[in-house]
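# Understanding the architecture of this molecule
Each chain, letter by letter, is given below.
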Amino acid sequence: MSRRKQKVRDITDFKSLLKKQGYSLAGKHSAVKTCLWLGRAIKDEGECYKSVFYGIQSHRCLQMTPTLMCNQKCLHCWRPTEIDVPIPADWNSPVEIVGSCIDSQRKLISGFGGSAPRELWAEGNEPRHVAISLSGEPTLFPQLPELIGEFKKQGFTTFVVSNGTVPLMIEKINPSQLYMSLDAPDLQTYEKVCVPKSPELWDRINESLDILRSKDTRTVIRITLIKGVNMFKPEAYAELIKKAEPDYIEVKAYMHLGFSRKRLPREAMPSHEEVLDFSGKIAENLGYKVADDVEISRVVLLSKDGSVSHLV
């Protein structure tokens, strides 16, 4: 039996698997998951790099996805990309999704009630930031603009992380901060790293880069570096990024987590020093500067003038 078929055979019940990994399903097709840093922050043991860079309160951050579907099977993805997620027969409304996600978040953090400072735990039950970036590709959800609007209506700042393969939706949405992943400097590397359903998606990514340049909202290009796989041609990354003229660039090391461990060796994680070095080369080719970095997360932030402003 091939290694790939064995992997698929081992994943027999997708929903049960997600629950085992700490996901909470919200409605028919959405999901919520608390991250490591929420657990630390709610116990007053540290904040994630988004707090350092952008002022986000980690213990009040809701990490969710409106759909688990994706049109790529990235090597570095932590979810079981070997399983295709079908299109739902019908979609929950944005109001239903927001309510279900808040309820799910509260259930997930209920276990921290006895170990966290009471004030932080109470604040965690009232999330005020949403990262629409968990698993799947959010721009495949047809009501994404309305979902962002509903979160904003309820007082949330909103991050959306997209792979850029649906430029029409990239054009429509205006979250507080719009991320676009760029994990390859060229088509050949893109096909190897992201395993897209069609090579034509590379053209759509380039179209989205052009759209990003005209967005009124804050924009970020995010690069996940995989040692020996996509960590080369900094000048080619820079040429692509020039199309978007983003406010910020996050360059982050691949982390050996979840199902990515079945596809990549632990040695594929670059060190923080290697991320700093590669980031510096991208910055040099772009005329950007290093604005900040967080060693524990192996992430470097670049901006046009070397500064960064908090969202909140």
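Below, the structure is looked at part by part. (Residues numbered from 1 in each chain as written. Predicted model: local features only at pLDDT ≥ 70, side-chain atom pairs only at ≥ 80, totals over all residues. Heavy atoms only, no water.)

Below, the discussion takes up the overall build of the chain. Within the chain, the secondary structure is distributed over 12 helices and 10 strands. A globule of 312 residues ought to have a C-alpha radius of gyration of about 20 Å, and the chain, at 19 Å, matches this closely. Overall, the chain is about 50 × 50 × 35 Å in size when its C-alpha atoms are taken along their principal axes. The 312 residues of the chain split such that 56% are buried. Sequence-distant contacts, at least 24 apart, represent 74% of the contacts inside the chain between residues at least 6 apart. (Helix = DSSP H or I, 4+ residues; strand = E, 2+ residues; numbered from the N terminus. Rg over C-alpha atoms; globule rule 2.2 N^0.38 Å. Buried < 20%, exposed > 50% of the residue type's maximum accessible area, 1.4 Å probe, protein only. Contact = heavy atoms within 4.5 Å.)

Before going further, it helps to spend a moment on helix α9 (residues 187-194). Each α-helix winds once per 3.6 residues, and so residues spaced three or four apart point in a common direction. Within α9, the full set of buried residues consists of T189, Y190, V193 and C194. The arc that holds the buried residues of α9, viewed along the axis, is 105°, so those residues lie on one side. On its buried face, α9 sits against α10 (201-212). Its side-chain oxygen placed 3.4 Å from the backbone nitrogen of Q188, D186 serves as the N-cap of α9. V195, located one to two residues past α9, shows a positive phi value of around 45°. (Arc of directions from axis to C-beta. Polar contact = N/O pair within 3.5 Å; in protein donor to acceptor, adjacent residues only side chain to side chain.)

Contact pair helix α11 (residues 234-244) / helix α12 (residues 272-286): the axes reach a minimum separation of 8 Å and the direction vectors enclose 50°. Here α11 is positioned oblique relative to α12, judged by the angle of their axes. When the axes of α11 and α12 are compared, the crossing they make is right-handed. Listed contacts from α12 to P234, E235, Y237, A238, I241 and K242 of α11 are F278, K281, I282, N285 and L286. (Axes fitted to C-alpha atoms, helices over the stretch in contact; angles between N-to-C directions. Parallel < 35°, antiparallel > 145°, perpendicular 65-115°, else oblique. Left-handed = near helix turned anticlockwise from the far one by under 90°.)

Enumeration according to the criterion identifies zero disulfides in this entry. Looking at C101, it has no disulfide partner, and the nearest cysteine sulfur is the one in C61, 12 Å off. On the accessibility criterion, C101 (0% relative accessible area) is buried. (Disulfide = S-S within 2.5 Å.)

Turning our attention to the side chain of T219. For T219, the position within the fold is in strand β7 (residues 218-225). Once you skip the residues sitting within four places of it in the chain, T219 turns out to touch L178, L212, E245, P246, D247 and Y248.

Across all of its chains, the model carries seven salt bridges by this definition. When the shortest N-O distance is used, the salt bridge between E274 and K227 registers 2.8 Å. Of the two residues, E274 sits in helix α12 while K227 sits in the loop between β7 and α11, which places them 47 residues apart along the sequence. Note on K227: relative accessible area 37%, which makes it partly exposed. (Salt bridge = Lys/Arg side-chain N within 4 Å of Asp/Glu carboxyl O.)

According to the stated counting rule, one finds nine aromatic pairs in the structure shown. Here a set of aromatic residues connected by ring pairs shows up, and it is made of Y49, F53, Y54, F159, Y179 and Y248. (Phe/Tyr/Trp six-rings, centres within 6.5 Å; stacked < 30°, edge-to-face > 60°.)

Moving on to the pairing of strand β4 (residues 129-132). Judged by which residues are buried, β4 turns out to be covered on both faces: H129 and A131 on one side and V130 and I132 on the other are all buried. The pairing of strand β3 (residues 61-65) with β4 spans four bridges and is parallel. By the bridge assignment, Q63 is partnered in β4 with A131. Where β4 lies against strand β5 (residues 157-162), four bridges are found, and the strand directions are parallel. Its bridge partner being in β5, V130 is matched across the sheet by T158. (Pairing = 2+ DSSP bridges.)

What follows is about unusual backbone geometry. Its identity as a non-glycine residue notwithstanding, D44 has a phi of 60°, on the positive side. Counting through the fold element by element, D44 comes out in the loop between α3 (36-42) and α4 (49-54). We classify D44 as exposed; its relative accessible area is 60%. Although it is not a glycine, R298 sits at a positive phi angle of roughly 50°. Here R298 shows up in the loop between β9 (289-294) and β10 (299-303).

Turning our attention to the nonpolar core. Counting 63 residues, the largest nonpolar core has M64, I132, L147, I221, I249 and I282 as its most contacted members. Top element by residues in this core is α10. It accounts for six residues. Setting aside anything within four residues of it in sequence, one finds I249 in contact with V220, I221, I223, I241, L286, Y288, V300, L301 and L302. Counting 14 residues, the second-largest nonpolar core is a separate cluster that includes I56, Y179, V294 and L301. (Core = buried A, V, L, I, M, F, W, Y, C linked by side-chain atoms within 4.5 Å.)

It is worth spelling out α10 at this point. Here α10 contains 12 residues, and its C-alpha end-to-end distance of 16 Å stays within 8% of the 16 Å for a straight helix at 1.5 Å per residue. Those residues of α10 that sit buried are L201, W202, I205, N206, S208, L209, I211 and L212. (Expected span 1.5 Å × (residues − 1).)

Let us look at the environment of M231. Mapped onto the elements, M231 comes out in the loop between β7 and α11. With residues near it in sequence (within four places) discarded, M231 still touches L225, I226, P270, E274, V275 and F278.

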